[in-house]
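Architecture and fold: a report
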There are 2 protein chains.
Amino acid sequence: MKTIKDIAKELGVSVSTVSRALNDNPDIKKETKEKILEGIKRLNYTPNANARSLIQKKSKMVGLMLSDITDPFFSEIALGIEEVLSAEGYQVIYGNTLLNPDKEKEVLSSLLQRKIDGLIIKPGALDEELLNIVEQLDIPVVFLRKLKEYEQHLKVSSIDVNHYESAYKAVDHLINLGHDNLGFIGISKKASEGEDRLKGYINCLENQNISYSDDNIVIAGTKIEHGRKGVEKLLEKTPNLTAIFAANDLLAIGALEWLAENNYKVPEDVSVVGFENLEISSLHWIKLTTVDLPRKEIGVQSANMVVNMLSSETIKKEEVELDTTLIIRKSTGKVKYLNIN
Amino acid sequence: MKTIKDIAKELGVSVSTVSRALNDNPDIKKETKEKILEGIKRLNYTPNANARSLIQKKSKMVGLMLSDITDPFFSEIALGIEEVLSAEGYQVIYGNTLLNPDKEKEVLSSLLQRKIDGLIIKPGALDEELLNIVEQLDIPVVFLRKLKEYEQHLKVSSIDVNHYESAYKAVDHLINLGHDNLGFIGISKKASEGEDRLKGYINCLENQNISYSDDNIVIAGTKIEHGRKGVEKLLEKTPNLTAIFAANDLLAIGALEWLAENNYKVPEDVSVVGFENLEISSLHWIKLTTVDLPRKEIGVQSANMVVNMLSSETIKKEEVELDTTLIIRKSTGKVKYLNIN
DNA sequence: AACGTTACCGGAAACGTTACCGGAAACGTT
DNA sequence: AACGTTTCCGGTAACGTTTCCGGTAACGTT
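For the structure given in this document, a descriptive report is provided here. All residue numbers here refer to positions counted from 1 along the written sequence of the relevant chain. Each chain gets a letter, beginning with A, and each ligand a number, beginning with 1, in the order they are written. Whole-chain, interface and lining totals are the exception, using all residues; otherwise, since this is a predicted model, local features are given only for residues with pLDDT of at least 70 and side-chain atom pairs are given and counted only at 80 or more. Heavy atoms throughout the structure, all of them, feed into the side-chain values; hydrogens and water do not.

1. Description of the overall build of chain A
Per the secondary structure count, chain A includes 13 helices and twelve strands. Here the globule rule is a power law, 2.2 Å times the number of residues to the power 0.38, and the radius of gyration is based on C-alpha atoms. Relative to the compact-globule value of 20 Å for 341 residues, chain A shows a C-alpha radius of gyration of 26 Å, a clear excess of over 25%. Overall, chain A is about 90 × 40 × 30 Å in size when its C-alpha atoms are taken along their principal axes. Per-residue accessibility, obtained with a 1.4 Å probe over protein chains only, is compared with the maximum for each type, and a residue is labelled buried under 20%, exposed over 50%, and partly exposed between these values. Across the 341 residues of chain A, 54% fall into the buried class. In what follows, residue pairs with any heavy atoms lying within 4.5 Å of each other are defined as contacts. Put simply, of all contacts in chain A between residues at least 6 apart along the chain, 68% involve residues at least 24 apart. Charged-residue counts in this description rest on Lys and Arg as positive and Asp and Glu as negative, His and the chain ends being excluded. Just so you know, the charge point we use is NZ for Lys, CZ for Arg, CG for Asp and CD for Glu. The averaged location of the 51 negative side-chain charges in chain A is 7 Å from the averaged location of its 43 positive side-chain charges. Secondary structure elements follow DSSP: runs of H or I no shorter than four residues count as helices, runs of E no shorter than two count as strands, and numbering proceeds from the N terminus.

2. Examining the relation of the copies chain A and chain B
To line up the copies, we fit them by least squares on C-alpha atoms, keeping just the residues with pLDDT of at least 70 in both. When chain A is brought onto chain B, the operation consists of a screw motion whose angular component is 180 degrees and whose axial shift is 0.1 Å, with 0.2 Å RMSD remaining. Here the transformation between the copies is reduced to the relation of a two-fold axis.

3. Focus on the protein's contact with DNA strand D
Here a residue is near a molecule or strand as soon as one of its heavy atoms is found within 4 Å of it. In the neighbourhood of DNA strand D, 26 residues make up the surrounding shell, with Ser16(A), Thr17(A), Ile4(B), Ser19(B) and Tyr45(B) lying closest. A share of 64% of the atoms of DNA strand D within 4 Å of the protein falls on sugar and phosphate groups. In the analysis that follows, any N or O atom pair within 3.5 Å is treated as a polar contact, provided that within protein one partner can donate a hydrogen and the other can accept it, and provided that, for residues neighboring in sequence, both atoms belong to side chains. At a separation of 2.9 Å, a phosphate oxygen of DNA strand D approaches a polar side-chain atom of Asn23(B). For DNA strand D, a phosphate oxygen lies 3.2 Å from a polar atom in the backbone of Asn48(B).

4. Focus on the protein's contact with DNA strand C
Within the structure, DNA strand C sits among 27 residues, and Ile4(A), Ser19(A), Tyr45(A), Ser16(B) and Thr17(B) are positioned closest to it. Of all atoms in DNA strand C that approach within 4 Å of the protein, 64% are sugar or phosphate atoms. Between DNA strand C and Ser16(B) there is a distance of 2.6 Å, counted from a base oxygen to a side-chain nitrogen or oxygen. At 2.9 Å from a phosphate oxygen of DNA strand C is found a side-chain nitrogen or oxygen belonging to Lys57(B). Put simply, the parts of the chain that give the surface near DNA strand C at least two residues each are helix H1 (4–11), helix H2 (15–22) and helix H4 (49–56) of chain A together with helix H2 (15–22) and helix H4 (49–56) of chain B. Sort the elements by how many residues they give to the surface near DNA strand C and H4(A) lands first, with five residues.

5. A short note on the pattern of salt bridges
All names here are of chain A. Salt bridges are defined as contacts in which a side-chain nitrogen from Lys or Arg sits within 4 Å of a carboxyl oxygen from Asp or Glu. The tally for this structure, following the rule as stated, stands at 22 salt bridges over all chains. Of the charged contacts in the structure, one is a salt bridge between Lys105 and Glu129, with a shortest N-O distance of 3.2 Å. In this pair, Lys105 is assigned in helix H6 (residues 101–113) and Glu129 in helix H7 (residues 128–136), connecting sequence segments 24 residues apart. Of the residues examined, Glu129 reaches a relative accessible area of 47% and is grouped as partly exposed. Through salt bridges that share partners, Arg228, Glu257 and Glu261 make up one connected network.

6. Describing a negative patch on the surface
Together, Glu165(A), Glu319(A), Glu321(A) and Asp323(A) make up a region of like negative charge exposed at the surface. As for its position among the elements, Asp323(A) is in the loop between strand S11 (319–322) and strand S12 (325–327). Within this analysis, patches are made of residues with over 30% relative accessible area and no salt bridge. Like charges are joined at 9 Å or less; nonpolar side chains (Val, Leu, Ile, Met, Phe, Trp, Tyr) at 5 Å or less. Surface accessibility follows the Shrake-Rupley procedure with a 1.4 Å probe radius. Residue values consider only the protein chains on display as shielding.

7. Re the packing of helix H5 (residues 72–87) of chain A against helix H12 (residues 295–312) of chain A
Residue and element names in this part refer to chain A. Axis lines are fitted to C-alpha atoms, over the contacting stretch for helices. Their N-to-C directions set the angle, which ranges from 0 to 180 degrees. Interaxial distance between H5 and H12 falls to 7 Å at its minimum, and their mutual angle equals 40 degrees. Our classification of the angle between H5 and H12 gives oblique. Two packed elements cross with a definite hand, and for H5 against H12 that hand is right-handed. Contacts from Pro72, Phe73, Glu76, Ile77, Gly80, Ile81, Glu83, Val84 and Leu85 in H5 reach Arg295, Lys296, Ile298, Gly299, Val300, Ser302, Ala303, Asn304 and Val307 in H12. Gly counts as polar in this scheme, as do all residues outside two lists: the nonpolar Ala, Val, Leu, Ile, Met, Phe, Trp, Tyr, Cys and Pro, and the charged Asp, Glu, Lys and Arg. Looking at the contact of H5 with H12 residue by residue, the classes come out as ten nonpolar, four polar and four charged. Between 65 and 115 degrees an angle is taken as roughly perpendicular, under 35 as roughly parallel, over 145 as roughly antiparallel, and anywhere else as oblique. The hand of a helix crossing depends on one turn: near helix anticlockwise from the far one by less than a right angle means left-handed, and clockwise means right-handed.

8. So, the sheet that holds strand S9 (residues 271–273) of chain B
Hydrogen bonds along the backbone pair up the strands of a sheet, which may run parallel or antiparallel. Residues and elements named next belong to chain B. Pairing within the open sheet is parallel, and its four strands lie in the order S7-S6-S8-S9. If you trace the sheet from one side to the other, it starts and ends with strand S7 (217–219) and S9, each paired once. Looking at each pair of strands side by side, their axes are set apart by 15 degrees on average, direction ignored. Strand direction decides the pairing type here: strand S8 (residues 243–246) and S9, joined by three bridges, are parallel. Residue pairing for S9: Phe245 is matched across the bridge by Val273. Against the sheet, helix H9 (residues 192–207) contacts strand S6 (182–186), S7 and S8, and its axis sits at roughly 170 degrees relative to S6. In this description, strands pair whenever DSSP reports at least two bridges between them.

9. A word on the interface of chain A and chain B
Chain A puts 52 residues into the contact, and the matching count from chain B is 52 residues. Summed over both sides, the interface between chain A and chain B buries roughly 4700 Å², with carbon and sulfur atoms accounting for 56% of that surface. Along the contact surface separating chain A from chain B lie two salt bridges. With a shortest N-O distance of 3.5 Å, Glu82(A) and Lys103(B) are connected by a salt bridge. Applying the counting rule to chain A against chain B returns 20 residue pairs in polar contact (both at pLDDT 80 or more). Where the side of chain A that touches chain B is concerned, the elements lending two or more residues are H4, H5, strand S2 (91–96), H6 and helix H11 (249–261) of chain A. A breakdown of the residues in the side of chain A that touches chain B according to their chemical character gives 22 nonpolar, 17 polar and 13 charged. Summed over both partners, the accessible area (1.4 Å probe) lost when two parts come together is defined as the buried area.

10. Some thoughts on the pairing of strand S2 (residues 91–96) of chain B
All names here are of chain B. The element S2 is extensively covered by neighbouring structure, given that six of its six residues are classed as buried. With six bridges connecting them, strand S1 (residues 61–66) and S2 associate as parallel partners. Residue pairing in the sheet places Met65 in a bridge with Gly95 of S2. With strands facing away from the observer, any crossover in which the path from the first strand over the helix to the second runs clockwise is taken as right-handed. Handedness of the crossover is the feature at issue here: the chain leaves S1, passes through helix H5 (residues 72–87), returns alongside S2, and the resulting connection is right-handed.

11. Let's talk about the side chain of Lys122(A)
All names here are of chain A. Summarising the element assignment, Lys122 is placed in the loop between strand S3 (118–121) and H7. Relative accessible area serves as the criterion here: at 14%, Lys122 is assigned to the buried category. Leaving out residues up to four positions away in the same chain, Lys122 has contacts with Met65, Leu66, Phe74, Glu104, Leu144, Arg145 and Glu193.

12. Describing H5(B)
In this analysis, the expected span of each helix is defined as 1.5 Å times one less than the number of residues it contains. For H5(B), built from 16 residues, the straight-helix expectation of 22 Å at 1.5 Å per residue is met to within 8% by its first-to-last C-alpha distance of 23 Å. Turning to H5(B), its buried residues number three or more, namely Phe73(B), Phe74(B), Ser75(B), Ile77(B), Ala78(B), Leu79(B), Gly80(B), Ile81(B), Glu82(B), Val84(B) and Leu85(B). At its buried positions, H5(B) is contacted by S2 and H6 of chain A together with S1, S2, strand S3 (118–121) and helix H12 (295–312) of chain B. For H5(B), the side-chain oxygen to backbone nitrogen distance between the N-cap and Phe73(B) is 2.9 Å, and the N-cap itself is Asp71(B).

13. Section: the side chain of Asp196(B)
All names here are of chain B. Within the element layout of this structure, Asp196 appears in helix H9. The exposure class assigned to Asp196 is buried, which follows from its relative accessible area of 10%. Within the structure, the side chain of Asp196 is placed 3.0 Å from the side chain of Lys146, a separation counted as a polar contact. In contact with Asp196, other than residues within four places in its own chain, are Lys146, His163 and Tyr164.

Right under this line is the structure:
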């Protein structure tokens, strides 16, 4: 493994000069710089970024902690992040948390040992211990979700979609179609987005004076099969509902699947709206009305936040909420008795 | 930022002793070790992995270069890789190549500057320049695809699914169902997997003495819309075909979509088999017969190859091909004239 | 009591790089 | 011709670790 010293010796210059050639330092003659750069290519030398990090006290690396890169939602965010960070000369070190608090701590610890310059994280549980660690960090941190009340004192930025507004919009669409007996299939309430989407659903109903009860709400999970079980339970409790809002597309697709298998017609018998706008939601058999999230934009903006804080040297807290758009497809339609008119 | 020196001074010991406490070195009394570990927690000190890498001449980092993390195929591989590597104490540095040769070189260069201990890569074009770089690497390298003929001299390992066999199996299934007028919708031939799948298709036909021509083959692309256009063109050229083998699931799903929209019945009119077994391929409306690939296994094994080479200190070349399983669902059935019997 | 062995610890060098300082040559100015 | 300024370069310290060497104290053995 060649070092800067080898290059210096080989070319008959000092290490300082080689370093200058590498770092666009002006204190070097044009010809010597060219000679050195040529020599570096010829002897195929690669600088040691770790040694550089050591003395410069910045690593040019940013940590990215996600629950699961397999989730298309996150992988697209990751793509956006990688795009802007690599363009700015940063490397992304990625760690899977798998929603496991222990793994989360472990991964964070190893990222910090690597002396990352910044951190982008979709926090899971974030127990007290982890909260303390995050609190003590003196690097830019961006949360990929809204800050909870008890996290407000943290000096971390956040970026997220406005889940409440988006859910409200989706339910409002159903109500405008004449539906007044709705059902909700939700993801776990522990996740803040789950709570916000439920709140949007409920508030919309309340504002429009539409009655509802616990029978109209089922907390199912996050995957297709949960959606299947979700509708089934929902229709047991309230058989005469005409519209369903599912808190994510996979739940909605699961619901659609169950409905199709049980001879319900969509949207004639039941309208369904989802949340996330997966690629498959536009398929011929699905054509799901859903809320589109600016996934890549979340990644791009979160990375930009880190870069900005890093270049401005001041860690300025920022909380942004991105807007969403409702995509209306064929899974929602006017309620039956209105069609009779 | 606290260093090991601060800890040493604070606790009245030498830096060597602190280092010993951190690295499970036996030359330290139990009580002092405990005292130091306690002190480290209390003063919340994090070791600097870059400094450690510098002197140990190994970074405990492995590079992972993929074309696109958004692809569910790769993201699941990435998950498997991350799982075993992090368990072995390695960190994964991830870089997107986006199938862009320039970006590929750039990313590889920055990974090498980071002095990664190993590299797992799904190479794209791999032009001469890149080939040279890879050739000169003295770290374990694993390709996530079969080595091409002109790459055989490289000291890199490889892992892949047996695309030829798998395709053969899929087509054989169709022939066993009585089909003798088949069509192929392919991904680009440039990708070696595309070529191998086509070869499997052709050889199976030849071995069973089934005639075919260029009219039975369409090279479409990789996405759903390409599948749509693919079938259309295929049916224009050979309207009387009864079965289609699509080189990946998205193509197959696109084909199914177009067939559904144009009032073809599947499998009564046309049987369709895909390749990859995406999660959505099992959906009620799709139920695609397809080849299941051990995605996560690819990730796990590739990571293990790197770990093994790293621990055995000898870079031993290894080329593995994993088996696949044909998953038979409802998109394939006996050919019509056989059903008449 | 003398010795060898073990257990434990501190000091200093080294890893590959950049930052800083100082100096020599070249140049321009008066 | 004398001086100040600029241009360019080399030497050395520093970054935060680990590794190596050496040394002291405690212990056991004869």
